[in-house]
Amino acid sequence: MNKNIILYGAILIFGIAAPFIFPAFKVQLSILCILIILAITWNVQGGEMGYNTFGNILFYGLGMYLCASVQVGMFFPLGEWTEGGGEKTFVHTPAQFFQGFAVGLAVAAVVPAIIAGLIGYSILGLRGHYFAICTLGLGVAAGEISGGIEIIGAGQGFTTPPFPNVDRLEARGEFFYFCSFIVLVLTFLAVKAIYSTRFKLVLNAIRDNEDKAEAMGIQTMKYKIIGWMISAFFCGLAGGIMGGLVGYIDSTDVAFDGREMGVFMVLMAILGGKGTLWGPVIGATLFHIFKEGFWTFFLGWQYVALGVLIVVIVIYFPEGIMGWLREKYPERFGEVVDEADRKAQVTLK
Amino acid sequence: MKIKNIIITFVSAIAILFSTSVVSFAKVVGDKIILGAAISLTGKYSSNGVHTQNGYNMAVDRINEMGGVKVGGKTYMFDIIYYDDESNPKRAAQLAERLISQDGVEFMLGPYSSGLTKAIAPVTEKYGVPMVEANGASRSLFTKGYKYLFAVLAPANLYLDVAIETAVALNGGKGVRIAQAFEQDAFSQDVRLGILDAAERTGSKIIIDDKLPKELNDMAATLAKVKAVKPDVLVVSGHTKGALTAIRQIAEMKVDVPMLAMTHCDAAKLSKQHGKNSQYALCASQWHKTLTYKDDFFKDGMTYAADFEKLFGYDPPYQSAESSAALLVFKDAFERANTFDQKKVRDALAATNMQTFYGNIKFAEGGQNVDKPMVLFQVMCDDAGKCENKVVAPLKWASAELIHPIPKWSER
């Protein structure tokens, strides 16, 4: 266990030091944290429970709108803030900004979780492709609906409160980085804790054979809903932070961005290896680095490069990087391997 | 537990990767002034993004050829670092951050569209980076108190109110019945606000007020309503796709309406793509090549259009012209400031008062250009089916008379 402590300590120190070591990359690092959160939470459904959801983007977008709305609405009339022409300009004092943001984040976490519970109750009875397609609709519908609600800016978009004028130019980047890093750590610890309990086994049982799990006396519906609520909680938090970081919320391009974020979270989890704790973390990190790289070096062709990457992943690492490692070095994953048997298998191949 | 070692190696690999990629080119290197721009090269705004980029590139080449920028007795050349914002505000904000904090850019050119400009402006503002933008017309950009944002174009709410006023004048000063459909984005919604204002001012009534989705390829529902209630004016705005969809479906459904007012007809190359079907469409434009403004670099609109066509093979839409003008504004401001100090350049920009081939440029407190009216042109076709955009309002520049009402499809 010693090695574990060293590892976690190292990552924690790296996380805290990162914005000071790479001051120019604060925004990318913050986004990396958000991506990892999304990948980890997607993995709870897609990886552990075997329910491929495209609906998590709904909670992310909700969190974004809720956080910004609360942050503005606590101190100023929201309707006037977002009013089309934006004729009136309100300025948050630093205290208002941070108070609003804190309350906003709390709302952004709790409300999506409740909504996940309600939606989950009605649609988690669907299985397989039906569930995936149904959740795909959720994000699209939410984007269209929010694009028509005047009080949150509708098609005009919603400019989130600008970061208050404190003397340091770096403050904004550092603030949002640490927010996202802290939420990432919380998400990771929460999910790790859950994975060490019976809960994970139940999720796995649902994935492997839901009917048998039910026959065993497990109330699968209850577990599915709770699992989704946990994901929604952290997705909402991630969305709230992302809204503040980007500074401008657009219904379909930033908040309910199913085409990008919604698909990326699935890709990242699969790239790293779904159904593992570290897989989404590694997947998201690699994915972000590749994406940033493609962006710089293949201007205009980045999506082609990304597409090639996805094809390569699917062909060569269908189980993700963690899955590949597990196959190659099973003993390092704590699996007992009969050396003679393994050799026999290898020669058979 | 060797797997943890792999993770450690992995984390350090990232660390190395990040640290080696910290290459900072400062804004002025040797004899180069490096500007940064995030442009939509892919995604829904990609065609207009390319118009913008072509406009920037043409101006950079022209200014460099003609002696560059003289600051402090030295001659500098313009250069631009481009990134692709994929028509996505989130990406645009990230890229602005990247251009400024990683690439060390100290002066920015704007992206295409109001939404993306809205996402970038808070970033440039935070770092005090002067940005001259040519494609963000939304009124709300100019009411946020931004100090470092300068737009060479007239705000979006002014785009089509000339059309409403013209319609009312032709109706003997009485209010008209307006049907309108706007895309759900910052720019089009602002055009809508302008129409609402104009309607209230002139006592006109809005009888259809539809919203169009962002991935715009069908507006048959709106047009069916238009056919049923027969408004006096139909207003459509939704960037290039909106203009193309409207013309295509109006022709297909043979919708008769006395006046059709739109935006982005020239960017959509309507007259070329749809020929006679696009005839009589009335379009708001920031610029038209027949306007008589002049400058030393591009001479006038006609020369600009000819040079542009030679380079890129198509008639320049106003998006390209205004983008070229942005570079002229920067050059002028650098020379007047005579330094690369961002604050001083910002002050010089604020004091801009010049004429370019594209129009007069003078910035109001909020950063919008107040010295340049919008023009309206109408697509007109000859018997051979060759269509052209002709300016019909304001009268000062009109090269043709407005055809009103639009003949019915059965009579065409």
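None of these values were measured; they are calculated from a predicted model.

J.: Whenever I open this one, the overall build of chain B confuses me. Can you help?
T.: Scanning chain B for helices and strands turns up 12 helices and 18 strands. Over its C-alpha trace chain B gives a radius of gyration of 23 Å, about what one expects of a compact globule, namely 22 Å for 412 residues. Here the C-alpha coordinates of chain B stretch approximately 75 × 65 × 40 Å along the principal axes. Every one of the 412 residues in chain B was classed for burial, and the buried ones make up 57%.

J.: Would you mind going over the overall build of chain A with me for this structure?
T.: From N to C terminus, chain A includes 15 helices and 2 strands. For chain A, whose C-alpha radius of gyration is 21 Å, the value lies close to the compact-globule estimate of 20 Å for 349 residues. For chain A, the C-alpha atoms occupy an extent of roughly 75 × 50 × 40 Å along the three principal directions. Within chain A, the fraction of its 349 residues that count as buried is 49%. Residue pairs at least 24 apart in sequence account for 79% of intrachain contacts in chain A once pairs closer than 6 positions are excluded.

J.: What is the right way to read the nonpolar core from this model?
T.: The nonpolar side chains of soluble globular proteins are, as a tendency, buried together. Residue and element names in this part refer to chain A. Membership of the largest hydrophobic core comes to 228 residues, with the highest contact counts inside it found for L38 and A238. In terms of residue count, the dominant contributor to this core is helix α2 (residues 26-49) (15 residues). Discounting residues that sit within four places of it in the chain, A238 has contacts with I34, I37, L38, Y60, G63 and V183.

J.: Sorry if this is basic, but what is going on with helix α1 (residues 2-21) of chain A here?
T.: One turn of the α-helix equals 3.6 residues, which is why residues spaced by three or four share an orientation. Residues and elements named next belong to chain A. For α1, which comprises 20 residues, the first-to-last C-alpha distance of 27 Å matches the rise-based estimate of 28 Å (1.5 Å per residue) to within 8%. The sharpest bend along α1 comes to roughly 30°, located at G15, with the proline P19 sitting one to four residues further on. Buried residues are scarce in α1, accounting for 2 of its 20 residues.

J.: Sorry, what's going on with the interface of chain A and chain B here?
T.: Note: interface size is frequently given as the accessible area lost on complex formation between the parts. Taken together, the contacts link 46 residues of chain A with 47 residues of chain B. Put simply, the parts of the chain that give the side of chain A that touches chain B at least two residues each are α1, α2, α10 (251-255), α12 (279-297) and α13 (302-316) of chain A. Its residues assigned to classes, the side of chain A that touches chain B shows 23 nonpolar, 16 polar and 7 charged.

J.: Explain the sheet that holds strand β17 (residues 375-381) of chain B here, please?
T.: Within a sheet, adjacent strands bond to each other through the backbone by hydrogen bonds, running parallel or antiparallel. All names here are of chain B. Pairing within the open sheet is mixed, and its 7 strands lie in the order β9-β8-β10-β11-β12-β17-β18. Taken across any chain shown, the strands that pair with only one partner, and hence form the sheet edges, are β9 (205-212) and β18 (387-393). Each adjacent strand pair in this sheet contributes to an overall mean axis angle of 25°, direction not counted. Two elements, strand β8 (residues 177-183) and strand β10 (residues 233-237), share 5 bridges in a ladder whose sense is parallel.

J.: Could you clarify how one ought to interpret helix α8 (residues 239-253) of chain B in this entry?
T.: All names here are of chain B. Taking 1.5 Å of rise per residue, the 15 residues of α8 would be expected to cover 21 Å, and the 21 Å separating its terminal C-alpha atoms lies within 8% of that figure. What α8 keeps buried is the set H239, T240, K241, G242, A243, L244, T245, A246, I247 and I250. With its phi angle positive at about 50°, K254 sits one or two positions after the end of α8.

J.: Looking at this structure, I do not really get the pairing of strand β16 (residues 359-362) of chain B. What am I missing?
T.: In summary, the side chains of a regular strand alternate between the two faces of the sheet. Residue and element names in this part refer to chain B. Looking at chain direction, strand β15 (residues 353-356) and β16 are connected through 4 bridges and run antiparallel. The partner of T356 across the bridge, within β16, is G359. Adjacent in sequence and paired antiparallel, β15 and β16 are bridged by 2 residues.

J.: Would you mind showing me how to read the domain arrangement of chain B here?
T.: All names here are of chain B. Examined at the domain level, chain B breaks down into domain 1 (28-154 + 291-362) and domain 2 (158-285 + 382-411). Centre-to-centre separation of domain 1 and domain 2, based on C-alpha positions: 29 Å. Taken together, the 18 residues of domain 1 in the interface contact 15 residues of domain 2. Elements with a contribution of two residues or more to the side of domain 1 that touches domain 2: α2 (46-65), α4 (114-127) and α11 (318-337). Grouping the constituent residues of the side of domain 1 that touches domain 2 by class yields 7 nonpolar, 8 polar and 3 charged.

J.: Would you explain unusual backbone geometry in this entry?
T.: Note on backbone geometry: most residues besides glycine have negative phi, and most peptide bonds are trans. Residues and elements named next belong to chain B. In this structure, the amide linkage connecting A393 to the following residue, P394, adopts the cis form with an omega of -5°. Counting through the fold element by element, P394 comes out in the segment after β18. Between H404 and the following residue, P405, the backbone shows a cis peptide bond with an omega angle of -5°. Looking at the element boundaries, P405 is found in the segment after β18. Backbone geometry at N338 places phi at a positive 55°, although glycine is not the residue there.

J.: I keep staring at the confidence of the model for chain B and nothing clicks. Help me out?
T.: Do not read the fine detail of predicted coordinates wherever pLDDT is low. All names here are of chain B. Across chain B, the average pLDDT comes to 88, with 93% of residues at 70 or higher. The weakest mean pLDDT in chain B belongs to helix α1 (residues 2-20) at 54; the strongest belongs to strand β6 (residues 131-133) at 96. Note on residues 18-26: pLDDT is under 50 here. Beyond four places in sequence and across chains, it has 12 contacts.

J.: Please clarify how the environment of S101(B) should be interpreted in this entry.
T.: Along the chain, S101(B) falls in helix α3 (residues 89-102). Using a count of 21 C-beta atoms within 10 Å as the deciding quantity, one classes S101(B) as buried.

J.: Explain the packing of helix α11 (residues 258-272) of chain A against α12(A) here, please?
T.: All names here are of chain A. Viewed as axis vectors pointing N to C, α11 and α12 meet at an angle of 115°, and their least axial separation amounts to 7 Å. Considering their axes alone, α11 and α12 lie roughly perpendicular with respect to each other. For the crossing formed where α11 meets α12, the hand is right-handed. Of the residues in α12, those touching α11 at F264, L267, M268, A269, L271 and G272 are G279, P280, V281, I282, G283, A284, L286 and F287. Of the residues in the contact of α11 with α12, the class split is 11 nonpolar, 3 polar and no charged.

What counts, and at which threshold
Residues numbered from 1 in each chain as written. Chains lettered and ligands numbered in written order. Predicted model: local features only at pLDDT ≥ 70, side-chain atom pairs only at ≥ 80, totals over all residues. Helix = DSSP H or I, 4+ residues; strand = E, 2+ residues; numbered from the N terminus. Rg over C-alpha atoms; globule rule 2.2 N^0.38 Å. Buried ≥ 20, exposed ≤ 12 C-beta atoms within 10 Å, placed from the backbone. Contact = placed C-beta atoms within 7 Å. Core = buried A, V, L, I, M, F, W, Y, C linked by C-beta atoms within 7 Å. Expected span 1.5 Å × (residues − 1). Bend = angle between axes of the 7 residues up to and from the residue. Nonpolar A, V, L, I, M, F, W, Y, C, P; charged D, E, K, R; others polar. Pairing = 2+ DSSP bridges. Axes fitted to C-alpha atoms, helices over the stretch in contact; angles between N-to-C directions. Domains from an automatic or database assignment. pLDDT = per-residue confidence, 0-100. Parallel < 35°, antiparallel > 145°, perpendicular 65-115°, else oblique. Left-handed = near helix turned anticlockwise from the far one by under 90°.

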